[in-house]
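Structural overview
This is what each chain is made of:
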Amino acid sequence: MILWKDRRQLVLEAIAGGLLILLPFYAGEYTVTTFVRIIYFGFLALSVGMLIGQAGMISLTQTAFFGLAGYVIGLLGAERDMPFPWRDLVAIGAVLVMALTFGLIAMRTHKIVFLMITLAFGQICWAFAQQNTSLLHGWAGIRGIRPPTIGGINFNQTSNFYWASLLIFALGIFVLWLLAKSPFGLALNGIRENPRRMAALGYPVYWIRVVAFLIAAVYAGVGGILATYNTGIITPTTIHLSRTIWVLLMVILGGATYFWGPVVGTAIAVWLDVLISQGTVRYNTVIGVIFVMIVLFLPEGVLSIADSLGEGGSLSPLRRLLDRKIADKR
Amino acid sequence: MDTRVAILILNGLTQAAIFFVLGSGLTLAFGLMRVINLSHGAFYLLGGYIGYSVVHATGNWPLALVAGGLSIALFGFLFERTMLFRVRGGDLPQTLLTIALSMIIADVSLAIWGGHPLTLNVPAYLNPRVTILGITYPGFRYILMGIGVFIALSLWLILYKTKLGAAVRAGVDDRETVSALGVNIDAIYSLVFALSALLVGLAGVLGGSYLQLSPGSDTTILTYSLVIIILGGMGSLLGTIVSSLILGQLLSFGLAYAPQYSYFLIFVPMAIVLAIRPQGLFGTEV
């Protein structure tokens, strides 16, 4: 019986994967571009979602890492012609350095104070990007950033860029999944539930949190690199607080405690974004009202619907596909 | 003393008065309810805008101050009673709910008051030129400082000399015991949240008369308020006073000598204090 269920689930997963890989062949250019957006915001959402779901840390700095990676790509790639792998590696390096600096300070605090401090960090970065004209060009930002051509494959082409992004995304999700199952991931869950007990058991709580923060920052950074290549421009707007809030919405929409929550939330939110901005000028009001509704009536996210439907058993393959709760003991 | 420096110091004190009114509300609500109202900046903006409309219609600045403060107090009270109390105790839902509210307020304000920066008109009788020790400075700014000091004194009296204040302070330490003693802690929560909203509404009118109100002020002001209470220590009134004074001077001198980095500069003391003393200058462990 278990084997049967697993096989059905495997088929379902294979179909979903196949549909995603073949997307450029049956969907229009706009749809493919939208999926690229889902992927790079998906990285950002995974970054935020991992910290909330696994470690219980609500960080509002992640968007700054996303933007930092983009700025490095712009500064080194578009303005100083540094070749492909190096500028990207420098970008990730810069993200790690900044995450370490912020992490060492912020991890001294917990919960709501941590949230406030990370919000302030995010605002520092935004303020710097916005006020600095000599290096970062203030409001105008950096333009004309293009994805590279590697081994004769031109990633300026939408479908090529989509496949590359999809591959990186699949890899990122896989690594995160391994991480969630690893002793490190379990220690992180323990810290989320009770940091003092974990400290008493001899776990270096402070450093585990710092490392989790670094990993999450890298995810945000990778998303930032893809986003900057795709849009060709990086400005302070990218790291504005409203973007940070939007990402938080995506994560909550999907369900922060589910492994697939951030990804599902991003997919819904990006399409919702397209719909709402076509329909109204009071975009933020609509988003805000949706946000309030979710918090009050669906605090566990949309995946909790699949969860409760699946109780009957009829939807169990779908449920099992979506419902991989990170926490075994909540 | 150099006149220029003296004026910068006075500007810093004016800014500090506004900072204090802004931060005291947030720190008060946090101290008791452990809630961080992330729509604090949007409340400020809305209070300022309402004050602007009142001044625009009547020309009566004191009325605008009262209207801005009371309308936000009422708004905050209703928000707490209808929504916030449902998610009490949950960090994430509280954060999200107040963020969502702030998005809605900012967007609706943009629809009503438009995108241009607005400043409240201060009538001439409130703004005489005052010369003290040979330094001429707008009298209205002395009034702002006076209001700041008055509010600080009132808050101290309420917190330390009244029964309500005693219940609030007891609730900070142990809310369960307090409610077991027959104090209606729910009512006190609502009252404190309304008081916090009142203060930020007043701050909006005061700040809108000294500086500008524009879309985007909400996030800037929210950041200022967070920095104020993190630096001073969350929940500490004395800490809020000290950090307002520090940040006021820093902003004033920063604008004069390093305008490109003025906003950036105010984070420096926060980062230093956090690295040495995570609970802030006058805070206790949370």
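Data block above holds the structure.
Before going into details, it helps to say that this report is about the structure given with it. On a predicted model such as this, the values are computed, not experimentally measured, just so you know.

Helix packing for two helices is described by the angle between their axes and how far apart those axes are. Residue and element names in this part refer to chain A. Running from N to C, helix 11 (residues 241–254) and helix 12 (residues 261–279) point in directions that differ by 120°, and their axes come no closer than 7 Å. The angle between helix 11 and helix 12 places the two elements in the oblique class. Once helix 11 is placed against helix 12, the crossing between them reads as right-handed. On helix 12, the residues that touch W246, M250, V251, L253 and G254 of helix 11 are G261, P262, G265, T266, I268, A269, V270 and D273. Split by residue class, the contact of helix 11 with helix 12 holds eight nonpolar, four polar and one charged.

Here the focus is the pairing of strand 2 (residues 135–138) of chain B. All names here are of chain B. Burial along strand 2 is one-sided: the residues I135 and Y137 are buried and none of T136 and P138 is. As paired elements, strand 1 (residues 129–132) and strand 2 share four bridges and run antiparallel to each other. Of the residues in strand 2, the one forming a bridge with T131 is T136.

Another point: the pattern of salt bridges. Summed over the entire model, instances satisfying the criterion amount to five salt bridges over all chains. A salt bridge links D107 of chain B to R282 of chain A; the shortest N-O distance between them is 3.1 Å. Within this pair, whereas D107 of chain B is found in helix 4 (residues 91–113), its partner R282 of chain A is found in the loop between helix 12 and helix 13 (283–297), the two belonging to separate chains. Of the residues examined, R282 of chain A reaches a relative accessible area of 27% and is grouped as partly exposed. In this structure, the salt-bridge partner of R81 of chain B is E80 of chain B, at a minimum N-O distance of 3.6 Å. Residue R81 of chain B is classed as partly exposed on the basis of its relative accessible area of 34%.

The next subject is the nonpolar core. Judged by nonpolar contacts, the single largest core of 188 residues is most densely connected at F65 and F291 of chain A together with L22, I36 and W61 of chain B. Sorting elements by how many residues they give to this core places helix 3 (residues 29–55) of chain A first, with 15 residues. Once residues lying within four places of it in the same chain are set aside, the contact partners of F65 of chain A are V95, M98, A99, F102, F213, A217, A220 and G221 of chain A. By size, the runner-up hydrophobic cluster in this structure holds five residues, among which are A6, L10, I135 and Y137 of chain B.

Rules used in this analysis
- Residues numbered from 1 in each chain as written.
- Chains lettered and ligands numbered in written order.
- Predicted model: local features only at pLDDT ≥ 70, side-chain atom pairs only at ≥ 80, totals over all residues.
- Heavy atoms only, no water.
- Axes fitted to C-alpha atoms, helices over the stretch in contact; angles between N-to-C directions.
- Helix = DSSP H or I, 4+ residues; strand = E, 2+ residues; numbered from the N terminus.
- Parallel < 35°, antiparallel > 145°, perpendicular 65-115°, else oblique.
- Left-handed = near helix turned anticlockwise from the far one by under 90°.
- Contact = heavy atoms within 4.5 Å.
- Nonpolar A, V, L, I, M, F, W, Y, C, P; charged D, E, K, R; others polar.
- Buried < 20%, exposed > 50% of the residue type's maximum accessible area, 1.4 Å probe, protein only.
- Pairing = 2+ DSSP bridges.
- Salt bridge = Lys/Arg side-chain N within 4 Å of Asp/Glu carboxyl O.
- Core = buried A, V, L, I, M, F, W, Y, C linked by side-chain atoms within 4.5 Å.

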